[in-house]
Structures are given as structure tokens and as C-alpha cells.
Amino acid sequence: MEILKSRSQSFQHHSHKPNLLDAFNQKKLRASSRLQTALVQLNKYAISSVHQGFFLRYLSSSLNVTECDTDIHYALAMHNVGIPSKLDNVKALWSQLQHTHRALEWAKQSSHSTPRWQPGAIRRLEWLLRVDDMLSIEHAEQWPIAREGLNYDISPHSLDEWFDYVNRSHSIERILVAYEQLCLLRSHEKDEGRVARVFLDAMLNDLRPDNGYWLTPLLVQPRHYSTPHQHSYPDIEGVMSAWESQFEKLVDKQRYIYNALKAFDNEFDLVLKTKPMPKGWRELKMLLLAKPVITMEIAHVHLEASSFMFEYGLLQVKHIKALNNMTVFECPAVFKLWGRWENIVKF
């Protein structure tokens, strides 16, 4: 995936950086009817948050979706049942996914605290993402965002302004401005924008419906982002217009994702047209949508439903020779759905 490159790359060697917060103070940031309309549509086409893990893998790494192999999805699913891959890129992605999930959960909790974001929060995110393994989590609230030697040349005044702005940010427009400014403040080289991406997704989470999920707009980030001139204030109208276009494209992706899931439900439940629904059917189906490879123990917990699915070909048995012929059950229909979603994300 083409990851959004932090604008700090272009500015870190200049003493006078453009400041979106200054630009905002000079010119009032207006509410966007286009963004509000997009949010309504995104919430309409939201899917269960159980599916977030599938899309999180694109947000959490430099994996290029145009080159993504479905074998990666299968290998990650096997990881879930304790069958590790021998491929270095799969193992690295698996590890990065765990760090991103942990950081995102912590960031979501922080967005609900009072104040929501405090000095040290960015350093804690770095630790959770394993951006800087040499730091200890102890006394993390005292960590500054700036450290000499890491190209973090942020003045305390700019940092205080950012935290103040974030803690007063309740609208989608202000969240996006805060994200843009964080990209300008931080060095990109250490984490390829992962800290900023987690921050944005956590803040957007409050705009999603309860237990509902829609993609991050970073998945439709233009390949080449127009950077403001280094000695001039950023054009607020231009910045927001770019985000409006991203969100409108995201609505199209989310509608396709929603409809693909709806088609899956209809196809999967087709065998029930003439049969009574077995016990545990819905619970097992939701579990398979998150983890399409399950162990024998899980199948036994939902024995009636798993037996029915196996009988009608919705579950298939696989024996893992490398693990003494360990038996697992795979759900090909979910992998087919994932293939559809992967194509939608690429589009």
C-alpha cells in the first residue's frame, strides 16, 4: 500500500515550518457539508467491527495492496490457530499487526480520557508500536515527543499547541487538521507514519457507529500528495478539499465492501432454506468471518453448527503434517470474501 508520507520529510531541515494550526487561527475552519454527507453514508454502510482485523493489516504496515498475495491472508489465518509461517514477511507482518492492534486499543481509550491526549502520549504510542524498543514504558507520561538525535526538532511551544488543539477537537474537520499537523511535527523516517495513522484511526473511531467499522480514508490516499510551499502557510481550503475527495471515494469502497458481505451472508445461509438453523450457527459464522481457520476444539464448542457446515461443504478439514497431522477446519467462503474485499481495497 502506498503509505501516506509524513510531510515532515520536506520540512525537517527548515527552521520555519508551515503550521496548520497557525493557518487555522488566521482563517476560520468551516464545517464541511461534503464530509458530513460522507460520514452519514459511511455509517450507513458500516460493517461489524469483527472485520476490522482484516483491514487493519493494510493500515499497520508498508504492505502494498496492489501486490498482496492471498497466501498472506491464509498464512495469517493459520497464525491465529498456532501454526506459524516460515516466511519472514508473514512473520514480520503478524508481529506488526499485534503491535498496531495494541497501540490502537490504547489510543481509543486515551481518546475517552480527560484530557484526552497528554504529553507523553505520542512516546507511548511509539513504544506500543515498537518504533523505539530502547525506551521503557516506565514513566512514559514524562516522555517528550522531541528527542535530539532522532530528527524530532519540535519546539515545546508547538507541541503544547498541538495537544491543546487535539483536546478541543470534536469535529471531523479538526481531527483531520490535527492529523496533518502531527505529520508535519514528527519525523517520518522512524515509523513511516504509523504513529500518525494510529492516532487518526483512533480519533475517527468516535465517529463510527457502536460496534460498527468503516475503512480509514488513508486507504484511498492519493499516490502523490501535494505539499505546501515550505515558507508559506498551508492552504486550508486545499487541504480540506483533498480530504473531502478521499472520504467520498471511501464511501464507494465501503458500499462495495458492505454489499460483498451481504452477498456472502445470502450465499452462506442458502443451505438453510430447507433446513432448520442448527444451534450456534450465527455465533460460529461470526467467528469464521474473523478467523476462517478454526481448531477442532472450537468446532466442538459449536458442534451442531460445525457438523452441519462440514456436511454441506462450508467447512473443510485440513491436516497439518508439520504438527503431527493436527486437524483444523477451513472456511473457503470467507477466503473468497476476503478476496473480494482485497480487490475493492486495490480499486
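This section reports on the structure supplied with the text.

Rules behind the numbers
- Residues numbered from 1 in each chain as written.
- Predicted model: local features only at pLDDT ≥ 70, side-chain atom pairs only at ≥ 80, totals over all residues.
- Heavy atoms only, no water.
- Core = buried A, V, L, I, M, F, W, Y, C linked by side-chain atoms within 4.5 Å.
- Buried < 20%, exposed > 50% of the residue type's maximum accessible area, 1.4 Å probe, protein only.
- Helix = DSSP H or I, 4+ residues; strand = E, 2+ residues; numbered from the N terminus.
- Axes fitted to C-alpha atoms, helices over the stretch in contact; angles between N-to-C directions.
- Parallel < 35°, antiparallel > 145°, perpendicular 65-115°, else oblique.
- Left-handed = near helix turned anticlockwise from the far one by under 90°.
- Contact = heavy atoms within 4.5 Å.
- Nonpolar A, V, L, I, M, F, W, Y, C, P; charged D, E, K, R; others polar.
- Phe/Tyr/Trp six-rings, centres within 6.5 Å; stacked < 30°, edge-to-face > 60°.
- Pairing = 2+ DSSP bridges.
- Salt bridge = Lys/Arg side-chain N within 4 Å of Asp/Glu carboxyl O.

## Examining the nonpolar core
Among the nonpolar cores identified, the biggest contains 97 residues, and Phe 55, Trp 117, Trp 162, Phe 199, Phe 247 and Trp 341 are the most heavily contacted of them. Per-element tally for this core: the top contributor is helix α11 (residues 236-268), with 12 residues.

## Some details on unusual backbone geometry
One non-glycine residue, Asn 211, lies in positive phi territory at about 60°. By the secondary structure assignment, Asn 211 is in the loop between α10 (194-205) and β2 (212-213).

## Points about the packing of helix α3 (residues 33-44) against α11
Two numbers describe how α3 lies on α11: the axes approach to 9 Å, and their chain directions differ by 15°. For the element pair α3 / α11, the angle class is roughly parallel. Note on packing geometry: the crossing formed by α3 with α11 is left-handed. Residues Arg 34, Leu 35, Ala 38, Leu 39, Gln 41, Leu 42 and Lys 44 of α3 touch α11, and the partners they reach there are Met 240, Ser 241, Trp 243, Glu 244, Ser 245, Phe 247, Glu 248, Leu 250, Val 251, Gln 254 and Tyr 258. Within the contact of α3 with α11, the residues separate by chemical class into 10 nonpolar, four polar and four charged.

## Describing the packing of aromatic side chains
If you walk through the whole model with that rule in mind, you get 20 aromatic pairs. Centroid distance Trp 106 to Trp 117: 6.4 Å. Interplanar angle 80°. Geometry classified as edge-to-face. Remark: Trp 117 occurs in the loop between α6 (88-110) and α7 (121-128) and Trp 106 occurs in helix α6; sequence separation between them is 11 residues. Under the relative-accessibility criterion, Trp 117 is labelled buried at 1%. With 6.3 Å between their ring centres and 80° between their planes, Phe 310 and Phe 329 make a pair best called edge-to-face. Taken as a pair, Phe 310 in helix α14 (residues 303-311) and Phe 329 in strand β5 (residues 326-330) lie far apart in primary sequence, 19 residues in all. Under the relative-accessibility criterion, Phe 310 is labelled partly exposed at 44%.

## Here's the deal with the packing of helix α12 (residues 281-290) against helix α15 (residues 332-346)
Viewed as axis vectors pointing N to C, α12 and α15 meet at an angle of 50°, and their least axial separation amounts to 9 Å. Considered as vectors, α12 and α15 are oriented oblique to each other. The way α12 lies across α15 gives a crossing that is right-handed. Along the contact surface, α12 presents Leu 288, Leu 289 and Ala 290, while α15 presents Val 334, Leu 337 and Trp 338. Across the contact of α12 with α15, the residue classes tally to six nonpolar, no polar and no charged.

## Quick look at the sheet that holds strand β4 (residues 316-320)
Here we have three strands laid out as an open sheet, ordered β3-β5-β4, and antiparallel in their pairing. Taken across any chain shown, the strands that pair with only one partner, and hence form the sheet edges, are β3 (293-295) and β4. On average, each strand axis in the sheet is inclined to that of its neighbour by 35°, with strand direction left out of account. Pairing analysis gives five bridges linking β4 to β5, with the strands arranged antiparallel.

## Considering the pattern of salt bridges
What the rule picks out here adds up to 10 salt bridges. Note that Arg 168 is salt-bridged to Asp 164, the shortest N-O span being 3.2 Å. On the basis of relative accessible area, Arg 168 is assigned to the partly exposed category, the value being 43%. In this structure, Lys 285 engages Asp 265 in a salt bridge whose closest nitrogen and oxygen atoms are separated by 3.2 Å. Placement of Lys 285 in helix α12 and of Asp 265 in helix α11 is noted, with a sequence separation of 20 residues between them. Members of the salt-bridge network, linked through shared partners, are Arg 34, Glu 244 and Glu 248.

Purely spatial values, then, with no claim about function.
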